[in-house]
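Here is what each chain is made of, one letter per residue.
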Amino acid sequence: MYDFLNLFSYSFVMRAFVVGILVSLCASLLGVTLVLKKYSMIGDGLTHVGFGAMTVALSLNFAPLFIAVPVMFVCAFLLLKLRENSKINSDAAIALISSSSIAIGVISASLTGGMNVDVYGYMFGSILALTKADVVLCLVLSLIILGIYLFLYNKIFAVTFDEPFASASGINTKKFNTMFSILTAFTVIIGMRIMGTMLISGLIIFPAISAMGLFASYKKVTIAAVIISLVSFVTGMIASCIFSYIPVGAGVVVTNLIILIITRIFKYVFLKS
């Protein structure tokens, strides 16, 4: 017990908890709308784009976020347009961009010495990688995301459930969809250091799906998704601290998977009509 409590005396552990909790909040709030609107693949596609951009930046000895932020914003907008307007099937278009981004990242890493510690950390997350500057950036971006979500909650609800009605009511749904893609890009950016580019999408998708298996109300689903996301992160984080061979991202996603299975069993046994 002493060793466990002693973990919180380390500054890097505290930084990881602060960033992880903020990322969990943002990811779960956005995840409900993304899943309901069937935009979850956009979030997954952005994580792969993030890996490619980060790896290229590391290969060129640039600050990773200096390259990743503009690239992901452009790709967030592009993925949304492909989903809405392209003659190509949207899932196929996202898969093309995702696989291309991973391929570019792998080639960049191979040309500069292979999958080193930095690349591995960005792929699967590392509690040792977070700096004070990362925490400040996370705080700023998280406050922006949470502020926008809370301020526009009613409009987000309308666009999520009945986009034609929302449009007829005077809401610019295209701008809202673009905003959501950009906010998702923000969330992926602040979550890449702690969760890893390959696993951050799990923090967006899993809690929403688990919550939807328990509740039908949008508000209840959102609250449940936040709780599930926070519990999953804290559990995965503690597991990573105790067992050093478990990456943070992997521990969080596996915890989310276990909760999803439990909620499905609970629904089948106790909520089956």
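Reading the values: rules and limits
Residues numbered from 1 in each chain as written. Predicted model: local features only at pLDDT ≥ 70, side-chain atom pairs only at ≥ 80, totals over all residues. Heavy atoms only, no water. Axes fitted to C-alpha atoms, helices over the stretch in contact; angles between N-to-C directions. Helix = DSSP H or I, 4+ residues; strand = E, 2+ residues; numbered from the N terminus. Parallel < 35°, antiparallel > 145°, perpendicular 65-115°, else oblique. Left-handed = near helix turned anticlockwise from the far one by under 90°. Contact = heavy atoms within 4.5 Å. Nonpolar A, V, L, I, M, F, W, Y, C, P; charged D, E, K, R; others polar. Salt bridge = Lys/Arg side-chain N within 4 Å of Asp/Glu carboxyl O. Expected span 1.5 Å × (residues − 1). Buried < 20%, exposed > 50% of the residue type's maximum accessible area, 1.4 Å probe, protein only. 1 Å grid on protein atoms, 1.4 Å probe; cavity = no way out; pocket = protein on both sides within 12 Å on 5 of 7 lines; lining within 4 Å. Points joined across faces, edges and corners; volume = space filled by probe spheres on them. Phe/Tyr/Trp six-rings, centres within 6.5 Å; stacked < 30°, edge-to-face > 60°.

A. Spatial organisation of the packing of helix α2 (residues 11–36) against helix α7 (residues 132–151). Running from amino to carboxyl end, α2 crosses α7 at an angle of 25°, the nearest separation of the two axes being 10 Å. Classified by the angle their axes make, α2 and α7 are roughly parallel. Crossing handedness for the pair α2 and α7: left-handed. Residue-level inspection shows R15, V18, V19, L22, V23, L25, C26, L29 and L30 of α2 in contact with α7, the latter providing K132, V135, C138, L139, S142, I145, L146 and Y149. For the contact of α2 with α7, the residue count by class is 14 nonpolar, one polar and two charged.

B. Local environment of the environment of S142. Positionally, S142 belongs in helix α7. Each C-alpha atom of the pair S142 and L25 lies 8.5 Å from the other, and the pair is 117 residues apart in sequence. When near neighbours in sequence (up to four residues on either side) are disregarded, S142 contacts L22, C26 and I190.

C. Seen up close, the pattern of salt bridges. Applying the stated criterion across every chain, the model contains one salt bridge. Across the salt bridge formed by E163 and K37, the nearest N and O atoms sit 2.6 Å from each other. Linking E163 in helix α9 (residues 163–168) with K37 in the loop between α2 and α3 (40–59), this pair joins segments that are 126 residues apart in sequence.

D. Quick look at helix α13 (residues 248–270). In a regular helix each residue adds 1.5 Å, so 23 residues correspond to 33 Å; α13 covers 32 Å between its end C-alpha atoms and thus fits that length. Considered for burial, the residues of α13 that qualify are V248, G249, G251, V252, V253, T255, N256, I259, L260 and T263.

E. Layout of empty space enclosed by the protein. Within the structure shown, the criterion is met by one cavity of 30 Å³ or more. A volume near 70 Å³ is recorded for the largest cavity. Around the largest cavity, the lining residues are V19, L65, L130, D134, L137, C138, I189, I190 and R193. Of all the elements in the fold, those that place two or more residues in the lining of the largest cavity are α7 and α10 (173–195). A breakdown of the residues in the lining of the largest cavity according to their chemical character gives seven nonpolar, no polar and two charged.

F. Up close: the packing of aromatic side chains. Across all of its chains, the model carries seven aromatic pairs by this definition. On the numbers, 5.3 Å between centres and 70° between planes, the contact of F157 with Y218 is edge-to-face. Taken together, the positions of F157 in helix α8 (residues 153–161) and Y218 in helix α12 (residues 218–242) put the pair 61 residues apart, joining distant regions of the chain. Look at F157 and you get partly exposed, because its relative accessible area is 37%. Classification of Y218 by relative accessible area gives buried; the value is 4%. Ring centres of F161 and Y218 lie 5.4 Å apart, and the angle between their planes is 80°; this geometry places the pair in the edge-to-face category. Of this pair, F161 sits in helix α8 while Y218 is found in helix α12, placing the two residues 57 residues apart along the sequence. You can call F161 partly exposed: its relative accessible area is 46%. An aromatic cluster of three or more residues is present, and its members are Y149, Y153, F157, F161 and Y218.

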